[in-house]
Amino acid sequence: MWSLRGCLCTVLLSVSVHGYNISAAGWTISGADEVSAVEGASAVLPCRFTHPPTDRNLTGSVLWHNKLLPESPNLVFNCTYPSHGPFRCDEVTQAAGSRFKFVGNLREGDASIMVEPLRREDSDKYRYRVDLNIDSFQSVIPTELTVEDLDGDVSVVNGTEGGSATLPCVYRQSPHYPRALTVTWMRKDPYRHIVTFRPQADGSWAAENGATRFELVGDPELGNASTRINQLNVEDSDGYLCLVEFNKEINYDPRGYIHEPLRSSVHPPYTHQYQREVQLQVTPATQSYKVLILWIPLGLKTIVLLVMCVIFYRDKLSKRED
């Protein structure tokens, strides 16, 4: 039976976003209701929530479903917390052969999962359910995932330690989503927040918390949220997800999914989130010098051998003439 405690979010990051929020009976839920990503890459279906204060140690499980038929939704992922088995929710968990893995943290109210590699048939509406020892709840508004056509392989960017590199994040922006709210970069392994950019009153974009290594060089409202990383480290080598959040058209309202008693608890804005993936490979600064050092002796040896060959054949020709 539905209750105010039974409502849950659909999509949210491990960071603050501008999505709609639901607040009722001590629970707070925020998220975006649409996500689009590219075939062959990764997508995160995140969900974040807070619950009423409790002195109890949380235990429970997380379940995600698609094919949302009332009588037989399809279970795509489940995990338990705490657990020492292969399906634990307290760290990255992925069942053998599964493309769905847990990247959230149930202790921090994060039940996010990642899907990789994406297939066209993953386009669907998703809901999840969290069963805790203090209560149980499931999503009210589904998360709609759209997998777009593959337009080449996942981008690979090369950089050198101490230098800079630009991570591309380009998407086909819908005219229905005219206003960008945030640009967020997440690192894939381990999955964690790197930087979030927000628009300023003067039209520029600035990184939160004074992050100085990162510079937004694209224009998110023109379909480009590419970002430059300065002062590269070898440890920066990894996969990255670019998450661009847009405010949806003003006449969109998903509250039709929600039972009447809960509708007054749901508040806009409603958002669409573009997700793009890129791989960064950083080469140690000394490696290029090592290659040069290896080639210099080889080049000298080649020159010496050529000179010796010339001298040998010249002497041989001289002896024949004599």
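Residues numbered from 1 in each chain as written. Predicted model: local features only at pLDDT ≥ 70, side-chain atom pairs only at ≥ 80, totals over all residues. Heavy atoms only, no water.

Novice: For the overall build of the protein, give the residues involved together with the corresponding values.
Specialist: Counting secondary structure elements, the protein contains two helices and 23 strands. Buried residues in the protein amount to 43% of all 322 residues. For the protein, restricting intrachain contacts to residue pairs at least 6 apart in sequence, the fraction spanning at least 24 positions comes to 66%. Summing over all exposed atoms, the protein offers an accessible surface of approximately 16900 Å²; the carbon and sulfur share of this is 53%. (Helix = DSSP H or I, 4+ residues; strand = E, 2+ residues; numbered from the N terminus. Buried < 20%, exposed > 50% of the residue type's maximum accessible area, 1.4 Å probe, protein only. Contact = heavy atoms within 4.5 Å. Areas by Shrake-Rupley, 256 points an atom, 1.4 Å probe, with all protein chains shown as cover.)

Novice: Could you give an account of the environment of P168, naming the residues involved and the relevant values?
Specialist: Along the chain, P168 turns up in the loop between strand 15 (165–167) and strand 16 (179–188). Judged by relative accessible area, P168 falls into the partly exposed class, the value being 29%. Along the primary structure P168 and G218 are separated by 50 residues, whereas in three dimensions their C-alpha atoms are 8.7 Å apart. Once residues within four sequence positions are removed from consideration, P168 is found in contact with S155, V157, W185, S226 and V278.

Novice: Explain the state of the cysteines to me, and be specific about the residues and the numbers.
Specialist: Scanning all chains against the criterion turns up one disulfide. Between the sulfur atoms of C169 and its disulfide partner C242 the distance amounts to 2.1 Å. The chirality of the disulfide connecting C169 with C242 is left-handed, given an S-S dihedral of about -80°. Separated by 73 residues along the polypeptide, C169 in the loop between strand 15 and strand 16 and C242 in strand 21 (residues 238–247) bring together distant segments of the chain. Its relative accessible area of 1% is what places C169 among the buried residues. (Disulfide = S-S within 2.5 Å.)

Novice: An account of unusual backbone geometry is needed here, citing residue identities and associated values.
Specialist: Cis geometry is found at the peptide bond from E116 to P117, where omega equals -15°. By the element assignment, P117 lies in the loop between strand 10 (113–115) and strand 11 (124–132). Cis peptide bonds are those with omega within 30 degrees of zero, and the linkage from D189 to P190 qualifies with 0°. As for its placement among the helices and strands, P190 is situated in the loop between strand 16 and strand 17 (191–199). Even without being a glycine, Q231 presents a positive backbone phi close to 50°. Tracing the backbone shows Q231 in the loop between strand 20 (227–229) and strand 21.

Novice: Would you mind going over the nonpolar core in detail, with residue names and values included?
Specialist: With 30 residues, the main nonpolar core has V62, W64 and Y128 as its most contacted residues. Of all hydrophobic cores here, the second largest spans 25 residues; its members include Y171, I194, Y240 and L280. (Core = buried A, V, L, I, M, F, W, Y, C linked by side-chain atoms within 4.5 Å.)

Novice: Describe the pattern of salt bridges, naming the residues involved and giving the relevant values.
Specialist: Under the counting rule described, the total for this entry stands at 13 salt bridges. In this structure, R129 engages D131 in a salt bridge whose closest nitrogen and oxygen atoms are separated by 2.8 Å. A residue is classified by how much of its surface remains accessible, and D131, at 23% relative accessible area, is partly exposed. Between R187 and D238 there is a salt bridge whose closest N-O contact spans 2.7 Å. (Salt bridge = Lys/Arg side-chain N within 4 Å of Asp/Glu carboxyl O.)

Novice: A description of the sheet that holds strand 19 (residues 214–216) should follow, citing residues and the corresponding values.
Specialist: Strand order across the open sheet formed by three strands is 15-20-19, with antiparallel pairing between neighbours. In this open sheet, the two edge strands, each paired with only one partner strand, are strand 15 and strand 19. When strand polarity is set aside, the average angle formed by the axes of neighbouring strands in this sheet is 25°. Across three bridges, the pairing between strand 19 and strand 20 is antiparallel. Across the sheet, residue F214 finds its bridge partner in strand 20, namely I229. (Pairing = 2+ DSSP bridges. Axes fitted to C-alpha atoms, helices over the stretch in contact; angles between N-to-C directions.)

Novice: Break down the packing of aromatic side chains for me, with residues and values.
Specialist: On inspection of all chains with the given rule, the structure shows five aromatic pairs. Plain terms: the ring middles of F77 and F102 are 6.3 Å apart, the flat faces sit at 5° to each other, and that makes the pair stacked. Taken together, the residues span a long stretch of sequence, with F77 in strand 7 (residues 74–81) and F102 in strand 9 (residues 100–102) at a distance of 25 residues. By the burial criterion, F77 is buried, and F102 matches it. Relative to F246, the ring of Y171 lies with its centre 6.0 Å away and its plane at 75°, an arrangement referred to as edge-to-face. (Phe/Tyr/Trp six-rings, centres within 6.5 Å; stacked < 30°, edge-to-face > 60°.)

Function cannot be inferred from these measures alone, as they are strictly geometric.
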